[in-house]
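Fold and contact review
Residue strings, one per chain:
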Amino acid sequence: MAYMSGLIVRVGDLDRFVSGWNDFGKQQFLDAGATSARISQSVFAGEDSGTIGIASEWESLDVAMEAPAAIRNSPESAEMMKSAGVEMLRRSLLVVQASRGSLEGKYGSLLVGMGDPVTPQQTEQNAETFWGQMQEGTNGIQWHQAVAAGAMTGAYLTMTLCDSMDQLMAASQKMFAQPEIQQLMASQNFQLAGRNLFKVLG
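Here the structure is a predicted model, which means the values were calculated and not measured.

Parameters and conventions
- Think of each chain on its own: its residues are numbered from 1, step by step along the sequence as written.
- Under the rules for a predicted model, residues below a pLDDT of 70 receive no local features and side-chain atom pairs below 80 are neither given nor counted, while totals for whole chains, interfaces and linings still include all residues.
- Side-chain metrics in this entry use all non-hydrogen atoms of the structure; hydrogen atoms and water are not considered.
- Between any two strands, at least two bridges found by DSSP are needed for them to pair.
- Each helix is a run of H or I in the DSSP string that is no shorter than four residues. Each strand is a run of E no shorter than two, and both are numbered from the N terminus.
- Axis geometry follows a simple rule: fit a line to the C-alpha atoms, using only the stretch in contact for helices, then measure angles between N-to-C directions, giving values from 0 to 180 degrees.
- The criterion used for residue contact is that any of the two residues' heavy atoms lie within 4.5 Å.

With that settled, the discussion passes to the pairing of strand β8 (residues 191–200). Across four bridges, strand β2 (residues 36–44) lies against β8 in antiparallel orientation. Across the sheet, residue Ser40 finds its bridge partner in β8, namely Val200. The sheet contact formed by strand β5 (residues 107–114) and β8 spans eight bridges and is antiparallel. Within β8, the position partnered with Tyr107 by the bridge is Lys199.

The following block contains the structure:
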């Protein structure tokens, strides 16, 4: 089972933070056991606009539990966080339910919703249906459920990566207008609760 951890921070000096991430920060996450790591900035996200997200994927929850302390105790990380004015806001854990395509791109969308519990088989069927509608406007999609995220625990999250937000939004609007998609969402009592449009920084 794969997990995605999400750390949300505010940054005073974005250039310093991105430079540190590219120089050593990303590698520290990978050295700590993450199988992938990226940073992004929320552009359109309500009260979260402007915040920085650090998303990293893990094959072991035990490894993910130990990583924050190991990274925080690194002298390089401590100096960078201080000089960049990093303020930690929250950290959440998601379980990865399904993936399609490539999780690379200049921009992204994070949809948050609530709905009935679904089986792994239904999750795979849903992924095939949504990917069939969205793949022409996106690079890849990953579906998650929040397992430790404060008030959002239990929510479903869909992360979509793209190189053109115009193309992503056109595909999204077309998909949500399809009767097949509307019926599928209604059958699972799925309701959208929020959306975050972000820019990938590294």
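Now, onward.
Before going further, it helps to spend a moment on the sheet that holds strand β4 (residues 87–101). Ordered in space as β1-β3-β2-β8-β5-β7-β6-β4, the eight strands form a closed barrel in which the pairing is antiparallel. Here the strands of the sheet are splayed against their neighbours by 35° on average, with no regard to which way each runs. One ladder, built from six bridges, connects strand β6 (residues 140–148) with strand β7 (residues 156–162); its direction is antiparallel. Residue pairing across strands places Ile141 opposite Thr160, the latter belonging to β7. Strands in contact with helix α4 (residues 120–134) are β4 and β6; relative to β4, the strand with the most contacts, it is inclined by about 90°.

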